[in-house]
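Chain and residue survey
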Amino acid sequence: MKKILYASALALTLGLSSCSKDFLETSPTDRVDAGTLLTTVQGAQVAMDGVYRMLYSSGWTTANTSQNFGIMSTKVYTSLMGEDFLQDAQGSGWFYFDYKYDVRSRFSSTSFRSYATWNFYYTLISNANYILGAESTITGDANAIKNVMAQAYAMRAYAYFQLIQGFQQTYVGHQTSPGVPVYTEPTRSTSKGNPRGTVEDVYTQINKDLDISIKYFEDAKIGQRHKSNIDAYVASAIKANVALVQNQWAVAETYATKALDKPASGLISGDDLYSGFNNIKLKNVLWGAEIIAAQSSIWASFFSHMDASAGQYAESSRKAIYSWLYNQIPATDARKKWWHDATDGGTPATKPYNQVKFRYSDKATSLGDYVFLRAEEMQLVKAEAQVQQEKYAEAKVTIGDLMKLRNPTGYEAILNNMSASKALTMGSIGTPTTLMDQIILQRRIELWGESERIYDILRLKTGFDRKAAGSNHSFAPTWNTLDPANKEMILTIPQKEFDGNTSLDATKDQNPI
């Protein structure tokens, strides 16, 4: 069967985690005895570590591999689809097609965004399914088995969450719209493809997986052995993000709080803010990938596209902040230093509005860890969820705890000027007047380049505007970007899926083109 899910995902790529120097590859379990690995809990963890290795591996397409390097690649292209994050030039071309909204028509290509995203996340799902399929047969300590299965359940949920946000409109108002195919069993060459089902179906599976994962983690009582591994706190953070999209405010608050309760973790401030967001050992990192020299990729990497001082892709295609958003940041806010100002400093890294937030830890060896989830994101989720429940005093404290670390001399005056309201009046651009406005503005500043901005635009139903006075955007779409559910904001399904999945019809099941 040549369905994309099976063609790539059946190559069960197993290996050691990012803290190891080696990785192992095996053939599909319907060609090689799965007993070679998935018979013991130790082998199952090795398999799970191989999945973690995929999270920062490059490729996933037959060409254009330099713009496809796992989770961080998703963070870049989904940020470029909004307004706060831009490229000031085409450069080598990587990601510029996402910024210019010139990828949806390329669904028949195995070199562009639709294929890359579908292939990557379904590969994670397929590998998680192999591990989960061995739950009842592997041997070893019962709690250790629960722990590795909890990791696999959370990984599957995370991958489906990314897919459903990328290939369909947001949950609220679209529950009955076509979702993505859901698979919960190991796939083989004889497996039949599934239909799209509904958005509700996908979110039901996501929440089921996360609930099992969190319970297993709690039962097993085994801590996170490395920050590359998912644990109860990371699973809770994913659950909080899912609940936020579903407008389940109490659930979002509960699980964001659980994630923030991780021992020895917390919000960062001071010099840590300027360390380049390249070190998973910082206390605010809940989940990330430790990159070692043997596994670093000079060109197909997040930092090669971000760090303009390194002489790589970013030198000619700099990632910059929207001038409007930059102007919202007070001079007293420490985060203003994450970007160059409006003047040209004479070097690639100091061009107007260029970012210096994300930098290599060692440019000579192209090193820098990838941060997938950090505590500040959960602080913002918690604050937003509290406002939506009209817990205004609590929300003010929650967001204030973050703001005072960023702007200690000015945050109180800012918050005191916001009305106690859950109304989002600011939209894409404008003046924040409510507590909700301010929380979303803080989210856009704090999580710039991290929060997959187009997904926020979809769930908040604001649309986006690149045309504020003095805009530094080099491109603005001609279609209505303020339409909260414009077809352009979601990806098209790759043709490869239709070619091999007899349960799907390209004329009926493709997203609007």
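Everything that follows concerns the structure shown earlier in this document.
Our subject in this report is the structure included herewith. Owing to the predicted nature of the structure, the values given are computational and were not obtained by experimental measurement.

Conventions adopted
- Residues numbered from 1 in each chain as written.
- Predicted model: local features only at pLDDT ≥ 70, side-chain atom pairs only at ≥ 80, totals over all residues.
- Heavy atoms only, no water.
- Core = buried A, V, L, I, M, F, W, Y, C linked by side-chain atoms within 4.5 Å.
- Buried < 20%, exposed > 50% of the residue type's maximum accessible area, 1.4 Å probe, protein only.
- Helix = DSSP H or I, 4+ residues; strand = E, 2+ residues; numbered from the N terminus.
- Contact = heavy atoms within 4.5 Å.
- Polar contact = N/O pair within 3.5 Å; in protein donor to acceptor, adjacent residues only side chain to side chain.
- Pairing = 2+ DSSP bridges.
- Expected span 1.5 Å × (residues − 1).
- Phe/Tyr/Trp six-rings, centres within 6.5 Å; stacked < 30°, edge-to-face > 60°.
- Lys NZ or Arg CZ within 6 Å of the ring centre and 35° of its normal.

**Digging into the nonpolar core**
By size, the foremost hydrophobic cluster in this structure holds 128 residues, and its most contacted members are I206, W287 and Y370. The greatest single-element share of this core, amounting to 16 residues, is contributed by helix α6 (residues 142-167). Discounting chain neighbours no more than four positions away, the residues touching Y370 are Y56, F69, M72, I280, G288, A289, I291, S301, F302 and F303. Counting 17 residues, the second-largest nonpolar core is a separate cluster that includes V387, L415, L435 and I439.

**What about the side chain of Q312?**
In this structure, Q312 sits in the loop between α10 (302-306) and α11 (313-316). With residues near it in sequence (within four places) discarded, Q312 still touches I298, W299, S304, Y360 and S366.

**Some words on the side chain of H305**
Inspection of the secondary structure assignment puts H305 in helix α10. Within the structure, the side chain of H305 is placed 2.8 Å from the backbone oxygen of S66, a separation counted as a polar contact. Once residues within four sequence positions are removed from consideration, H305 is found in contact with S66, Q67, F69, W94, F95, W299, Y313, A314, S317 and K319.

**Some points on the pairing of strand β2 (residues 285-289)**
Among the five residues that make up β2, five are buried, leaving the element largely enclosed by the rest of the structure. Pairing of β2 with strand β4 (residues 370-374), which is carried by four bridges, proceeds in the antiparallel orientation. Residue pairing across strands places A289 opposite Y370, the latter belonging to β4.

**Quick look at helix α8 (residues 232-245)**
Taking 1.5 Å per residue as the helical rise, α8 with its 14 residues ought to reach 20 Å, and the 20 Å between its terminal C-alpha atoms agrees with that figure. Most of α8 sits inside the fold, with 13 of its 14 residues counted as buried. Sitting at the head of α8, D231 places a side-chain oxygen 3.1 Å from the backbone nitrogen of Y233. After α8 finishes, the residue N247 shows a positive phi value of roughly 60 degrees.

**Topic: helix α5 (residues 113-133)**
Here α5 spans 30 Å end to end across 21 residues, near enough to the 30 Å set by a 1.5 Å rise per residue. In terms of burial, α5 is a largely internal element, 20 of the 21 residues being buried.

**Quick look at the packing of aromatic side chains**
One pair of aromatic rings is described through two measures. These are the centre distance and the angle between the planes. In the structure shown here, the tally under the stated rule is 34 aromatic pairs. On the basis of an interplanar angle of 80 degrees and a centroid distance of 5.2 Å, the ring pair of F302 and F358 is categorised as edge-to-face. Here F302, found in helix α10, pairs with F358, found in the loop between α12 (323-328) and β4; they are 56 residues apart in sequence, far enough to count as distant. You can call F302 buried: its relative accessible area is 1%. An aromatic cluster is built from Y56, F85, F277, F302, F303, W338, W339, F358, Y360, Y370 and W448, whose rings are joined through pairwise contacts. Residue placement shows R106 over the ring face of F112; its charged tip is 4.6 Å from the ring centre. Its guanidinium or amino end placed over the ring of F277, K357 lies 5.2 Å from that ring's centre, counting from NZ or CZ.

**Considering the environment of A506**
Considering the arrangement of structural elements, one finds A506 in helix α19 (residues 506-509). Residue class for A506 comes out partly exposed when judged on its relative accessible area of 34%. In sequence terms A506 and A256 are 250 residues apart; their C-alpha atoms lie 39 Å from each other. When neighbours within four sequence positions are excluded, A506 is seen to be in contact with Q495 and F498.

Just distances and angles here, no functional claims.
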